[in-house]
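Here is how the chains run, residue by residue.
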Protein chains: 2
Amino acid sequence: MKLVLVAGATETAAIDGISAAGAAPELMAHTPAADAELVAYGEPVFAPFVPVSPDGCPTPAMVTRAVRECVDFAFVVADAGMAARTAVPAIRLGDRPGGDIREAAPVPNARALFDRAKAVGASLPDDELLLAESVPGGTTTALGVLRALGEPHGVSSSLPENPVSLKEEVVAEGMAESGIEPGGLADDPIAAVRELGDPTLAATAGLLAGARSRGARVTLAGGTQQVAAAAVARRLGVDGEFEIATTSFVAADETVAIREAAADLGVTLHVTDPGFQPGEHVATDHYLAGVAKEGVGMGGALWYAEREGVPMERIRARLFERYTALVGDDGP
Amino acid sequence: MKLVLVAGATETAAIDGISAAGAAPELMAHTPAADAELVAYGEPVFAPFVPVSPDGCPTPAMVTRAVRECVDFAFVVADAGMAARTAVPAIRLGDRPGGDIREAAPVPNARALFDRAKAVGASLPDDELLLAESVPGGTTTALGVLRALGEPHGVSSSLPENPVSLKEEVVAEGMAESGIEPGGLADDPIAAVRELGDPTLAATAGLLAGARSRGARVTLAGGTQQVAAAAVARRLGVDGEFEIATTSFVAADETVAIREAAADLGVTLHVTDPGFQPGEHVATDHYLAGVAKEGVGMGGALWYAEREGVPMERIRARLFERYTALVGDDGP
């Protein structure tokens, strides 16, 4: 199994209140790079920090890394347009972050991203791929694409109080700017990404399409962003079997209703509960309170660990060790 | 074992008569990307062509790929400043090709390249690295660095008639432009790369320094460019054991005298003969005539195959199959 982290950026993340993935815009630029380095090397190499919220919630990349220390898997980045340099091997699909979806055509290269990703998906030698994501602001762009496609599904948040109405407002503004009605791009999913999405959605859909074309098993690891990527792929004619693997924290989010979304899209859903215990550790208490929830392949990695028979307590122990090494015993 | 292909570009390659790695300058830009894709995927993905000379001499990447089909090893690119996009996972160390060494400071980021590469070399999890290169024009920049350092060693060529005097002329012009006497940068190897080198030399020396700092086994796979990288590393204080692995075609080149160079630098040298037979195949006859000789880790891959007990005839058979699939039975 190879985990492909589709990493990118969107200026939409800079809108006040949209994202918890990094405290400040200038730090958010480094979050996907730092996430990738955590999974690959266990610590930052080029990135200037470990993504941990001011009150101690670690990036889900730390969970994915903890899994990888228990059961090895191959790991690579697909760079859909990152805003900062990473020390992790990356397949460069794009060249620039996506723009703010309140402006016209924030992802002008959506078609090229999809095509390149499809060629790569068709060329990779792996029988099984897990496609993960790291893009601050990604649930808002996912919502934009779902609305442009006319999909009814809701989206999750890395914040405990999901700023749904802010996201809907931003998306409505973006649709107005691009002159698009809800569902108006149902037949043109590439245009939906170009006008309301972010670069990772085009790249993920392309990798999926390419890998499925050669019969590989593909699982989208993540929450609502993967619902959006799956919807794009289905409307581009990617038929047949593929899967979504997510965490119990996304599955518990009623705003999302990911079980219904997966059923609608004809996608098998795997939900894995890491068994975090209340009061056990500052790192996991935040997740129990609804912070972060998913990302950087956390749900997919946990599901892979479960398939490989790794007990969740081993993963939690590894996570706490890593947290202590990188952040300290009691948080920042 | 992981083979790291340090790939890059130098505008020096565009000087008429310098390089055989690609027929025309606009094609040479794609040669390292195409080389990487051959080794990773067995065929070009983003690259618009297979690097084969007009009269049918294949890139040494095809040999490295043939080895990889016989005995698997991990493979990644270190992008020191490539001129074209590749579909292969790459650690992005640089951002731009090197300039023409006849102008001042063709590698202004030599220090940053070395530092980033050193951090990556120290972070990679592999116990053994083979560092290979692909940079058209690279033997001329290698000569430039050797002269700036005051090393007496000669350099090889991908052309059967090594344009030694042209290379010496280009290097002399570059040294005059930068106001440097032969040996004038003996104590400042980073400056030698900045003024007379190409981006891959800084990256290779950095990867070597970083990987050796954590005790990994490191072999520079290649010919004279690796002699230059080794000289840079030694002068930067990289003591102790490391190796060079090259082909019998480089070892047979009297202009190079690679055995003496390796001995001077205190580096163990491995020479592997792929056992090409005269008249057996158009692909290998060119090598017997002194074309190409080495590159893209060919000598290192052959040495690895030998260590793993893979018979050379199996590699030749694979090479001929790949040549037929990519080029045709009798060449282009």
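Preceding block: the structure.
Residues numbered from 1 in each chain as written. Chains lettered and ligands numbered in written order. Predicted model: local features only at pLDDT ≥ 70, side-chain atom pairs only at ≥ 80, totals over all residues. Heavy atoms only, no water.

Asks: Report on the interface of chain A and chain B, specifying residues and quantitative values.
Replies: Contacts between the two partners involve 21 residues from chain A, matched on the other side by 21 residues from chain B. Both faces considered, chain A and chain B share a buried interface measuring about 1,600 Å² in area, 59% of it formed by carbon and sulfur atoms. Among the salt bridges present, the one from B:Asp95 reaches A:Arg85, with a minimum N-O distance of 2.6 Å. Put simply, chain A and chain B have 7 residue pairs in polar contact (both at pLDDT 80 or more) between them. (Contact = heavy atoms within 4.5 Å. Buried area = accessible area lost by both parts, 1.4 Å probe. Salt bridge = Lys/Arg side-chain N within 4 Å of Asp/Glu carboxyl O. Polar contact = N/O pair within 3.5 Å; in protein donor to acceptor, adjacent residues only side chain to side chain.)

Asks: Describe the relation of the copies chain A and chain B, listing the residues and the values that go with them.
Replies: Here the second copy of the chain follows from the first by a rotation about an axis and a shift along it. Taken as rigid bodies, chain A and chain B are interconverted by a rotation of 180° and an axial shift of 0.0 Å, the fit giving an RMSD of 0.0 Å. Expressed as a symmetry operation, the mapping of one chain copy onto the other fits a two-fold axis. When the interface residues of chain A are mapped onto chain B, 100% of them again lie at the interface, so the same face is used by both copies. (Least-squares fit on C-alpha atoms with pLDDT ≥ 70 in both.)

Asks: How would you summarise the packing of aromatic side chains if you had to cite specific residues and measurements?
Replies: Taken as a whole and judged by the stated rule, the model has 8 aromatic pairs over all chains. Between B:Phe276 and B:Tyr287 the ring centres are 5.9 Å apart and the planes differ by 80°, which places this aromatic pair in the edge-to-face class. Linking B:Phe276 in the loop between strand S7 (268-272) and helix H12 (282-288) with B:Tyr287 in helix H12, this pair joins segments that are 11 residues apart in sequence. Accessibility expressed as a relative area gives 8% for B:Phe276, which makes it buried. Assessed through its relative accessible area of 1%, B:Tyr287 is described here as buried. By way of ring pairs, the aromatic residues A:Phe249, A:Phe276 and A:Tyr287 are connected into one cluster. Its guanidinium or amino end placed over the ring of B:Phe73, B:Arg68 lies 5.6 Å from that ring's centre, counting from NZ or CZ. The cationic tip of B:Arg307 hangs over the ring face of B:Trp303; the distance from NZ or CZ to the ring centre is 4.5 Å. (Phe/Tyr/Trp six-rings, centres within 6.5 Å; stacked < 30°, edge-to-face > 60°. Helix = DSSP H or I, 4+ residues; strand = E, 2+ residues; numbered from the N terminus. Buried < 20%, exposed > 50% of the residue type's maximum accessible area, 1.4 Å probe, protein only. Lys NZ or Arg CZ within 6 Å of the ring centre and 35° of its normal.)

Asks: Summarise unusual backbone geometry; cite the residues concerned and give the values.
Replies: All names here are of chain B. Despite not being glycine, Ala105 shows a phi value in the positive range, around 50°. The partly exposed category is assigned to Ala105, whose relative accessible area is 29%. Not every positive phi belongs to a glycine, and Ala257 is a case in point at roughly 50°. Tracing the sequence through the fold places Ala257 in the loop between helix H10 (248-251) and helix H11 (258-265). Using a relative accessible area of 29% as the deciding quantity, one classes Ala257 as partly exposed.

Asks: So, the side chain of B:Thr141: which residues are in play, and what are the values?
Replies: With respect to the helices and strands, B:Thr141 occurs in helix H5 (residues 138-149). Not counting the four nearest positions on each side in its chain, B:Thr141 is found in contact with B:Thr10, B:Thr12, B:Ile101, B:Leu196, B:Gly197, B:Asp198 and B:Leu201.

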